[in-house]
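Letter by letter, the chains look like this.
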Amino acid sequence: MTSHALGIEQMGWQRCQQILALARAIRNRCHRLPTLDRSVALAFFEPSTRTRMSFELAACTLGCRVMTFSASGSSIEKGESTADTIRTLDAMGFDAIIIRHSASGAADYAARFVHTAAIINAGDGCHEHPTQALLDVLTLLDVLGSIEGRRVAIVGDLLHSRVFRSDIALLRMFGAQIGVCAPPLLMPHLLRDDIERLPDAASAMAWADAVIVLRLQRERMSSGLVPSFADYRRRYSIRYEHLDATRAIICHPGPVNADVELDAALIEHERSMIQRQVTNGVMVRMALLIETLAPDCVEQILSL
Amino acid sequence: MTSHALGIEQMGWQRCQQILALARAIRNRCHRLPTLDRSVALAFFEPSTRTRMSFELAACTLGCRVMTFSASGSSIEKGESTADTIRTLDAMGFDAIIIRHSASGAADYAARFVHTAAIINAGDGCHEHPTQALLDVLTLLDVLGSIEGRRVAIVGDLLHSRVFRSDIALLRMFGAQIGVCAPPLLMPHLLRDDIERLPDAASAMAWADAVIVLRLQRERMSSGLVPSFADYRRRYSIRYEHLDATRAIICHPGPVNADVELDAALIEHERSMIQRQVTNGVMVRMALLIETLAPDCVEQILSL
Amino acid sequence: MTSHALGIEQMGWQRCQQILALARAIRNRCHRLPTLDRSVALAFFEPSTRTRMSFELAACTLGCRVMTFSASGSSIEKGESTADTIRTLDAMGFDAIIIRHSASGAADYAARFVHTAAIINAGDGCHEHPTQALLDVLTLLDVLGSIEGRRVAIVGDLLHSRVFRSDIALLRMFGAQIGVCAPPLLMPHLLRDDIERLPDAASAMAWADAVIVLRLQRERMSSGLVPSFADYRRRYSIRYEHLDATRAIICHPGPVNADVELDAALIEHERSMIQRQVTNGVMVRMALLIETLAPDCVEQILSL
C-alpha cells in the first residue's frame, strides 16, 4: 500500500515525528542525500508559487523527475475532471502526485483514484496543508527547543484557513497550549474548550511564546466578514509596538500582506521566523518525499 | 539527415514496427534504459495536458533535458511567428522539437525551418497525431494479440480528428478491417471503399473487435454539425447496455466527456482500455525518442 | 560575497572578457563540461520565451536544477511583492536567481534582498540586458575578428531599449566606434559626443561594419512617438536594397517584426547573424553560470 500524506491526523504522530527528525538530518547535511529514481507530478489545480517551488526544489534536489500540471493551459479547460487527471497521472506511472486544489477534501478524493501513486496534500480548500504544519512545528522546535506546554497563538482568518486546521492538529500532538484570535465572523465554531480565546493581537502577543499570523485574503475585506480595514488593523494586526514587553516569536506562512495582518517592519525583524520557515519548508518536503518514496533510506539517514 | 516524425505515412511501416517493438522492450524493463544526453523542446502552440506530460515524462525518464515553450506568456504574444520560434529552438541547439499546433500541417511546415533538430508531431490541427496511433495500436496488440484481419471501429467526430487520420493510416498498415461511425456532417468525404460504414454506436459495438471512441468537442454541439445532444447520445454514444452480447474492447484518447460520447460507468470498466492507453503512451514516446535521438541504442535494447 | 551580474558596468571589463573566453571554450567542446550541483531560479516577472529558454537550456546542460517562477498563476496575483519573492527564493536555498522584470533597476533592487543567491539580470525595464550584450559582442568577434576601431550602428527604438544600454556599455569597453539611428522621439538624450548620429537606415548600413537592429514595439507605433508606419519603414527599416554596395553584417536580438524594422527576406540572409546570436546566447549564459556558480572550474576550462 502506498503511504499517502493527506492530513495530519491521517499521517499520525509517529510518522510526523519521523519526518521532522529526517528534515533535521537533511539540514545538517552531514551525509550525501540519496538519489531517488522517481517521478513526481505537481498537480496544481489552484495557483501557488511558494508551495509549488518548495516541493519542486525538494524533489529535484533528491534527483526526482518533476513535472507540473497546472489548471490553466490544460485539459481542465476542455472540461477534464479532477478524477480523470489523477487517474491519468497514475496510469502514466508517476510515483507521487502532489496535489493543490481549491476544494476541501480534494486530496482524500484524489486518493480514491490511484493504484500506485502516493498522494501528497499541498493544500486543499479550507481543509488541510500538512507540510505547512510540519514546517511550522520544525521552526518552533528550532527556536523554542520544545513545544510541550508552550503557548502558541494563531491570529487571523482562522475560519477559511487550511494552515490553521493542520497547525492545531500537529501542535496538539506536540502538547502545545493553543490560543486563537480572530474577528468573530472568521472564528471557527465548535473549537475545543482547552483552546484559549484571545481578544486581540496585543493579548495574543502578551500571552504567547509564538504567534502564527495568517494571511488575510483581500477578498474577505470587502465581504462583510471582516470589520473595516482600519478596525481589522487596530485589533488583529501584529504591529511593531507589540514587540515591547513581550517575548513571542512571529511566524507567517507567506506571502505577507504588509501592513495588513503584519507590519512591514516586522517581516525581516529578528523576532520574525518567516525566512527560517521558508528554508525549513524545503527540508520538510525533502523529508516527506524520502519517507514516502524511499522508506528504505530513512534508517540510514537518521543513523548518521 | 534527421529523422522527423511528422505522420504515419511519412514514418513508414518499418519504423512504426520498430517503435512498437522498442516500446514493448522498454515496458518489460528487463534491462536498464539508456541515458540520453540530449535536449528536447516541447513547442506547444496549443494547450495540452496529457500529451505534453506524457512526452515530458518519457524524455525525462531517458535523462533528457526538457524545456517547455508554450504559446501563452511567450513571444507569441509579441507576434513571433511559428517559423521564428522553430528557427530559434533549432539555433539554440535542441536535438528534438516536439510540436503541437492548431494548424493542420504545422509539423511539416516546422520541418522546413530546422537544420539539426528532429521535428516530432504531437498533434497538428485536423491532420495527424502519430504517437496516439502508435499507442492505440500497441494497446490493441496487447489485448487482441494481433491486428491483421481484426475489425476496428472508430466512432465520433471523424471529420476534425487528427487521431482518426493517424489511426486509419496505421491500422491499415497492420491489415485491420476498419469501420467508421459518425453523424453525417462529421463524416469525412472520400473514404476508401473498403471501409465499413456503421450507422450507430450499437452497430459499431456489434461489428467490431475494438471500438475507438473519439472525443466530441463541446463546441461542435452548438455548431449545427451535430444533431441535438439528446440525438447524438441516442445514436453515437457508447453506452453501458452495448456491452451485452458484444465483445469489443473500448479505447478513447482522453479526456472523456463523461456521458457524452461514452458512459461514465464505462471509463473504468474492464472492457475499457483507457488507462492502459495512457501507460502505453509513455512507452511509445520513450521508444520514439530513443529511435530518433539514439538510434545506436535500438539494437541493444531489442536484443535483450 | 556573491558575484551578481546586474549590468555591464557593474560586471566590469575583466569579468566580461573572461565570460567571452569561457563561452568560446565551451563552444569548442574540446572537453566535457562540468556538472554543477546547483539550483537556479528563473524569476520571470515579465513574459519571455527566448531569454528564458536560453538560460534554462544553459543551466540544464550544466546539470543545474532549474525552476521557473512566472508572474502569472503565482503569488504575484495575490499581491506578493518583488522583494518578497526574491527573499523567498533566497531562503529556499537557490544559488542563483535569474530575474526578468518590467521595472528598470529591478535587478539591483533584488540584489538588496538576498543573503546567498547570486542575482543575474535577464532584462530589467529600459535599463540593462547584459547577457544580450555579451552574445552580441561574441557574435561580432566571431565574424569581424576584432571590435577595436570597428563601426557598430544601432538602429531602432533606442530610448526604451535595455539592449541598447548594455550594448553601448560593452562595445565601448571593446573600443568600437558607435553609431546610432532612431526617430527623434525614440533617440535618448545626453548621448556622448563621440557617438555618430546617423540619419537613416541606409546611412547606417553604409557607415557600419555591423548594424544591430532593435525591435520596434508595436505599441510605439500608435503612441505618437513614431511617425506613421510607412514613414518609419521608409527611413529606419533595414531593407534588402541596403545590401548593395555595403558590407555591414546585421544583428537583431529577436523576435523580428518581419517587414517592420527588418525585411523578412533578410532574416535568413547570409549577412544576417540572427541564428548565430541565438546559438551564442546559450554559450554566453553557460559561461556566466560557470563563472558565477563554479568559479573554481574556470581555469580548467580555459586551459584546455
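What counts, and where the lines are drawn
Residues numbered from 1 in each chain as written. Chains lettered and ligands numbered in written order. Predicted model: local features only at pLDDT ≥ 70, side-chain atom pairs only at ≥ 80, totals over all residues. Heavy atoms only, no water. Contact = heavy atoms within 4.5 Å. Buried area = accessible area lost by both parts, 1.4 Å probe. Salt bridge = Lys/Arg side-chain N within 4 Å of Asp/Glu carboxyl O. Polar contact = N/O pair within 3.5 Å; in protein donor to acceptor, adjacent residues only side chain to side chain. Helix = DSSP H or I, 4+ residues; strand = E, 2+ residues; numbered from the N terminus. Nonpolar A, V, L, I, M, F, W, Y, C, P; charged D, E, K, R; others polar. Phe/Tyr/Trp six-rings, centres within 6.5 Å; stacked < 30°, edge-to-face > 60°. Buried < 20%, exposed > 50% of the residue type's maximum accessible area, 1.4 Å probe, protein only. Lys NZ or Arg CZ within 6 Å of the ring centre and 35° of its normal. Domains from an automatic or database assignment. Least-squares fit on C-alpha atoms with pLDDT ≥ 70 in both. Pairing = 2+ DSSP bridges. Right-handed = clockwise from strand over helix to strand, strands pointing away. pLDDT = per-residue confidence, 0-100. Disulfide = S-S within 2.5 Å. Axes fitted to C-alpha atoms, helices over the stretch in contact; angles between N-to-C directions. Parallel < 35°, antiparallel > 145°, perpendicular 65-115°, else oblique. Left-handed = near helix turned anticlockwise from the far one by under 90°.

Draft legend 1. Geometry of the interface of chain B and chain A. On the chain A side, the residues contacting the 23 residues of chain B number 22 residues. At the boundary of chain B with chain A, total buried surface from both sides reaches about 1900 Å², with 57% on carbon and sulfur atoms. Broken down residue by residue, the surface that chain B buries against chain A is led by Thr 49, Met 53 and Leu 57 of chain B, which jointly contribute 28%. Our count for the contact surface shared by chain B and chain A stands at one salt bridge. Residue Arg 87 of chain A is joined to Glu 268 of chain B by a salt bridge in which the shortest nitrogen-to-oxygen separation is 2.9 Å. Inspection of the chain B/chain A interface yields four residue pairs in polar contact (both at pLDDT 80 or more).

Draft legend 2. Region of the structure containing the interface of chain B and chain C. Tallying the contact residues gives 21 residues for chain B and 23 residues for chain C. For the pair chain B and chain C, the summed buried surface comes to about 1900 Å²; carbon and sulfur atoms form 58% of the total. Taken together, the connections running from chain B to chain C amount to one salt bridge. Summed over the shared surface of chain B and chain C, the result is four residue pairs in polar contact (both at pLDDT 80 or more). Counting only elements with at least two residues in the side of chain B that touches chain C, the list comes to strand E1 (39-44), strand E2 (65-70) and helix H3 (82-92) of chain B. By residue class, the composition of the side of chain B that touches chain C is nine nonpolar, seven polar and five charged.

Draft legend 3. Geometry of the packing of aromatic side chains. For the coordinates displayed, the defined rule picks out twelve aromatic pairs over all chains. Aromatic side chains Tyr 232 of chain A and Tyr 236 of chain A sit 5.4 Å apart centroid to centroid with 40° between the ring planes, which places their arrangement in the tilted category. In this pair, Tyr 232 of chain A and Tyr 236 of chain A are both assigned in helix H9 (residues 229-236), four residues apart and thus about one turn of the helix distant. By the burial criterion, Tyr 232 of chain A is buried, and Tyr 236 of chain A matches it. Judged by centre distance (4.9 Å) and plane angle (65°), the ring pair of Tyr 109 of chain B and Phe 113 of chain B falls under edge-to-face. Given a relative accessible area of 34%, Tyr 109 of chain B falls into the partly exposed group. The ring of Phe 55 of chain C carries the charged tip of Arg 285 of chain C above its face, separated from the ring centre by 4.9 Å.

Draft legend 4. Expanded view of the domain arrangement of chain A. Residue and element names in this part refer to chain A. Structurally, chain A comprises domain 1 (8-128 + 278-299) and domain 2 (130-275). Taking the mean C-alpha position of each, domain 1 and domain 2 sit 26 Å from one another. With 31 residues of domain 1 at the contact, the number on the domain 2 side is 26 residues. Of the roughly 2400 Å² buried where domain 1 meets domain 2, counting both sides, 64% is carbon and sulfur surface. Where domain 1 packs against domain 2, one counts two salt bridges. Arg 162 serves as the salt-bridge partner of Glu 46, at 3.0 Å between the closest nitrogen and oxygen.

Draft legend 5. Quick look at the pattern of salt bridges. For the structure shown, the criterion picks out 48 salt bridges over all chains. The closest approach of N and O atoms between Arg 100 of chain A and Glu 46 of chain A, which form a salt bridge, is 3.3 Å. Of this pair, Arg 100 of chain A sits in strand E3 (residues 96-101) while Glu 46 of chain A sits in the loop between strand E1 (39-44) and helix H2 (50-61), and the two are 54 residues apart along the sequence. A salt bridge links Asp 209 of chain B to Arg 150 of chain B, with the shortest nitrogen-to-oxygen separation between them at 4.0 Å. In this pair, Asp 209 of chain B sits in the loop between helix H7 (201-207) and strand E8 (210-213) while Arg 150 of chain B sits in the loop between helix H5 (130-144) and strand E5 (151-155), placing the two residues 59 residues apart along the sequence. Classification of Asp 209 of chain B as buried rests on a relative accessible area of 12%. What emerges from the salt-bridge pattern is a single network uniting Arg 27, Asp 142 and Arg 276 of chain A.

Draft legend 6. Structural detail: the environment of Ala 264 of chain A. Residues and elements named next belong to chain A. Tracing the chain through its elements places Ala 264 in the loop between strand E9 (249-251) and helix H10 (274-293). Linking Ala 264 and Ile 238, residues 26 residues apart in sequence, is a C-alpha distance of 10.0 Å. Residues within four places of Ala 264 in sequence aside, it is in contact with Ala 258 and Asp 259.

Draft legend 7. A look at the relation of the copies chain B and chain C. Note on the identical chains: chain B maps onto chain C by a rotation of 120° and an axial translation of 0.0 Å, with an RMSD of 0.0 Å. Put plainly, the chains are arranged around a three-fold axis.

Draft legend 8. Broad picture of the sheet that holds E8 of chain B. All names here are of chain B. Taken in spatial order, the five strands line up as E7-E6-E5-E8-E9 in an open sheet, and their pairing is parallel. The open sheet is flanked by strand E7 (196-197) and strand E9 (249-251), the only strands paired with a single partner. Sheet analysis places E8 next to E9, joined by three bridges and oriented parallel. The partner of Val 211 across the bridge, within E9, is Ile 250.

Draft legend 9. Inspection of the side chain of Thr 139 of chain C at higher detail. Residues and elements named next belong to chain C. As for its position among the elements, Thr 139 is in helix H5 (residues 130-144). Exposure remark for Thr 139: the relative accessible area of 0% places this residue in the buried category. Those residues in contact with Thr 139 that sit more than four places away from it in its chain are Cys 251, Met 273, Arg 276, Gln 277 and Asn 280.

Draft legend 10. Fine view of the pairing of strand E3 (residues 96-101) of chain B. Residues and elements named next belong to chain B. Counting buried residues in E3 gives six out of six residues, a clear majority hidden from the surface. Residue alternation in E3 divides its side chains into two sets, Ala 96, Ile 98 and Arg 100 and Ile 97, Ile 99 and His 101, and both sets are buried. As paired strands, E1 and E3 are joined by five bridges and run parallel to one another. Note on E3: the bridge partner recorded for Leu 42 is Ile 98. Relative to strand E4 (residues 118-124), E3 runs parallel, the two being bridged by five bridges.

Draft legend 11. Main features of H3 of chain B. All names here are of chain B. Along H3, eleven of the eleven residues are buried, which leaves the element largely enclosed by surrounding structure. Of all the residues in H3, the buried ones are Thr 82, Ala 83, Asp 84, Thr 85, Ile 86, Arg 87, Thr 88, Leu 89, Asp 90, Ala 91 and Met 92. Count one or two residues on from H3 and you reach Gly 93, which has phi positive near 110°.

Draft legend 12. Representation of the pairing of strand E5 (residues 151-155) of chain C. Residue and element names in this part refer to chain C. For E5, a buried count of four out of five residues is recorded, marking the element as mostly surrounded by other parts of the structure. By the bridge criterion, five bridges tie E5 to strand E6 (residues 177-181) in an arrangement that is parallel. Looking across to E6, one finds that Ala 153 is bridged to Gly 179. For the crossover that starts at E5, traverses helix H6 (residues 162-173) and ends in the parallel E6, the hand is right-handed. The pairing of E5 with strand E8 (residues 210-213) spans four bridges and is classified as parallel. Residue pairing in the sheet places Ile 154 in a bridge with Ile 212 of E8.

Draft legend 13. Quick look at the confidence of the model for chain A. Of the residues in chain A, 96% reach a pLDDT of 70 or more, and the chain-wide mean stands at 93. Model confidence for the complex is summarised by a pTM of 0.94, with the ipTM given as 0.93.

Draft legend 14. Representation of the state of the cysteines within the structure. Evaluated as defined, the whole model comprises zero disulfides over all chains. Cys 126 of chain A carries a free sulfur, and the closest cysteine sulfur to it, the one in Cys 181 of chain A, is 19 Å from it. Note on Cys 126 of chain A: relative accessible area 30%, which makes it partly exposed. No disulfide involves Cys 297 of chain B; its nearest neighbouring cysteine sulfur is the one of Cys 64 of chain B, lying 11 Å away. Note on Cys 297 of chain B: relative accessible area 17%, which makes it buried.

Draft legend 15. The packing of H5 of chain B against helix H6 (residues 162-173) of chain B, seen in detail. Residues and elements named next belong to chain B. The geometry of H5 relative to H6 is characterised by a closest axis approach of 8 Å and an angle of 50° between their N-to-C directions. What the angle tells us is that H5 and H6 run oblique. For the crossing formed where H5 meets H6, the hand is right-handed. Facing Pro 130, Gln 132, Ala 133, Leu 134, Asp 136, Val 137 and Leu 140 of H5, the residues of H6 in contact are Val 163, Ser 166, Asp 167, Leu 170 and Leu 171.

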